Amino acid sequence: MAFDPYSGAALKRAVLQFLTGKVLSALLTFITLLWLVRLLPLEAYGAYVTVLAASEIGLAMANLGLPWLANRLLPDARLNGSADDVRHIAWLLARRAAWASLAVSLAFALSVPWYARSAGMVAQLGAVWGGVALLFAESWGRFLRDSVLGPLMLQAEGRACLVLRQLLLLAGIALGLQGGPPSAALAVGAEALAAAASLLLALVLLWRRLGQLRMARDDAPSWQPPAVRDQWRWALHMYAAQVVSLAFAPQLLLNLLQATAGAGPAAVFGFLRQLYEQVSRYLPATLLFGVIRPRLVAAYVGAEGLPGLVAGANLAGKLSLFVLGPLLAWVAVGGNTLVSLLSGGKFNEAGPQLLAFMLALLPFSQRQLLETVAATVGHATSCLRAAWVGLFALPVTALALWWGAGTWAALGGVFLGQACYGAALLHGLRRAVGYRADTAGGWRVLASAALAALFVAWPAQALLGQWSAPAALLPMGGLVLTAYLLLAAWIRPFTASERGRLNGFLGRRLFVW
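The structure contained in this document is the topic of the report that follows. Source: prediction; values computed, not measured. Residue positions within a chain follow its written sequence, with the count starting from 1. Only residues with pLDDT of at least 70 get local features here, since the model is predicted, and only at 80 or more are side-chain atom pairs given and counted; chain-wide, interface and lining totals rely on the full set of residues. Note that water and hydrogens are dropped before the side-chain values are worked out from all heavy atoms of the structure.

**Notes on the pattern of salt bridges**
1) Next: Counted as salt bridges are all cases of a side-chain nitrogen of Lys or Arg within 4 Å of a carboxyl oxygen of Asp or Glu. Under the defined criterion, the tally for this structure stands at 11 salt bridges.
2) Next: Among the ionic pairs, D84 bridges to R87, the shortest N-O distance being 2.9 Å. Taken together, the positions of D84 and R87, both in helix α4 (residues 83–110) and 3 residues apart, correspond to about one turn of that helix.
3) Next: Each residue gets one of three labels from its accessible area relative to the maximum for its type: buried under 20%, exposed over 50%, partly exposed in between, using a 1.4 Å probe on protein chains only. Residue D84 is classed as exposed on the basis of its relative accessible area, which comes to 56%.
4) Next: In this structure, R165 engages E191 in a salt bridge whose closest nitrogen and oxygen atoms are separated by 2.9 Å. Here R165, found in helix α7 (residues 155–177), pairs with E191, found in helix α8 (residues 184–211); they are 26 residues apart in sequence, far enough to count as distant. Each of the two residues, R165 as well as E191, counts as buried.
5) Next: A network of salt bridges, in which partner residues are shared, links E138, R142, R165 and E191. Secondary structure elements follow DSSP: runs of H or I of four or more residues count as helices, runs of E of two or more count as strands, with numbering from the N terminus.

Quick look at the structure:
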């Protein structure tokens, strides 16, 4: 063996490279989010977030299950094959992704007049057309960044693409304002141009690094990928599950809200969805998914087998819940103040709705890990069955919208769909491969969060009564975090072996929960 690209040392290096990019990208994204919600008029902001949601639906429709196929094949090829095998698979998947992105973008372009009328956005036609360009550039670029560079442990290259995109987005908005008033078309156009530049950089970096690729083996082994028929069976099962689950995704529910309730409720839901997306992206299992997923696949195809895959997925899932816990408690005690401050006073009573979104993150934070387990062990059909169960949320949401529940109807649909999907997928994996989630540890995390919110509720209100909102929120968050960590240290949601594994990774005995 020349070296192990998925070893502990390689994992630490990849995590560091990935996190440095994500921290900067998160800061830039957050600045953009807060700037746009203050900059755009309510109707334009509602159109902007609705077009972004529609383009994300297109991203899901364009992937054809290829990200799952890439994350299954590329680590296997790099561990057991030759450099030519990896190059062949990487470029083959890149070409497939390009054609899929182009086909879906053309289909969306043909539907632009109908979509603009049905969503009540005829006046925002420029933004809708910008969404078509954004769909193509973001779909192909995200695939190259997350599903090709990521599984090859080229996180530094992915970091460069991500940071460039966010920098150019801010610059594009600033330059666009010099030529006219703020509009949804300006914001979406800046998104599309930034995504196109990130795509070009990803192509250049992928071509360069594939030519310099170091392999796990010095010899030229006779490695054969799974049959093409089997590959497409995995990919299309995962793709079908994703397409079916779009029925209860926030993106589709936002478009339904725009069409039925108008720009006001859509703007509130869209802003809260962007906050929800920010939190979901930076939970450990999602933030490090590009590193965790190839490591889980490598564990399964290597010496650790199914027990290593299950242990790794359980640990990553519990870490996401552990990070989510204090955020839930903070939003529970100061949600209205937080949303009002972040939106510049545009949405003053949306704290309970933000809390509902955060609660939907409980099942969603586990979803990608469970899907990874299903795809890796060859039981992608479990995901499709779970998606059909999640469809139960759609008629419930439609009925609530008909009754006039507005934003709450869409929020209930998000939570119900994710909860049904997660429960059904967990049940399917338990029956198929004997997968056992650490539900006891999860409940201990939630108990720590609930108790922290109860203990801090009165001091938090006292702070809000004495100080201004910006001055009170940070001390309130500090109180919540302190109470949560102390309670979690007492309740102990992690097992001794998990604490040992995390402390071994950190190199110090710091993790005591």
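**A word on the packing of aromatic side chains**
1) Next: When two rings of Phe, Tyr or Trp (its six-membered ring) have centres within 6.5 Å they constitute a pair, described as stacked for plane angles under 30 degrees, edge-to-face for angles over 60, and tilted for the intermediate range. A full pass over the atoms with the stated rule returns 14 aromatic pairs.
2) Next: Taken together, a centroid distance of 4.7 Å and an interplanar angle of 35° make the contact between Y276 and F357 tilted. Taken together, the residues Y276 in helix α11 (residues 263–281) and F357 in helix α15 (residues 351–376) connect sequence positions 81 residues apart.
3) Next: Overall, the relative accessible area of 0% leaves F357 in the buried class.
4) Next: Here Y276 and F364 contribute two aromatic rings whose centre-to-centre distance is 6.1 Å and whose plane-to-plane angle is 45°, an arrangement assigned as tilted. Taken as a pair, Y276 in helix α11 and F364 in helix α15 lie far apart in primary sequence, 88 residues in all.
5) Next: Taking the relative accessible area as the measure of exposure, F364 reaches 23% and is therefore partly exposed.
6) Next: In textbook terms, an aromatic cluster arises when at least three aromatic residues are bridged by ring pairs, as seen for F322, Y484, F494, F511 and W513.
7) Next: We call a charge positioned above a ring when the Lys NZ or Arg CZ atom is no farther than 6 Å from the ring centre and deviates by at most 35 degrees from the ring normal. Just above the ring of Y421 sits the side chain of R367; from NZ or CZ to the centre is 4.2 Å.

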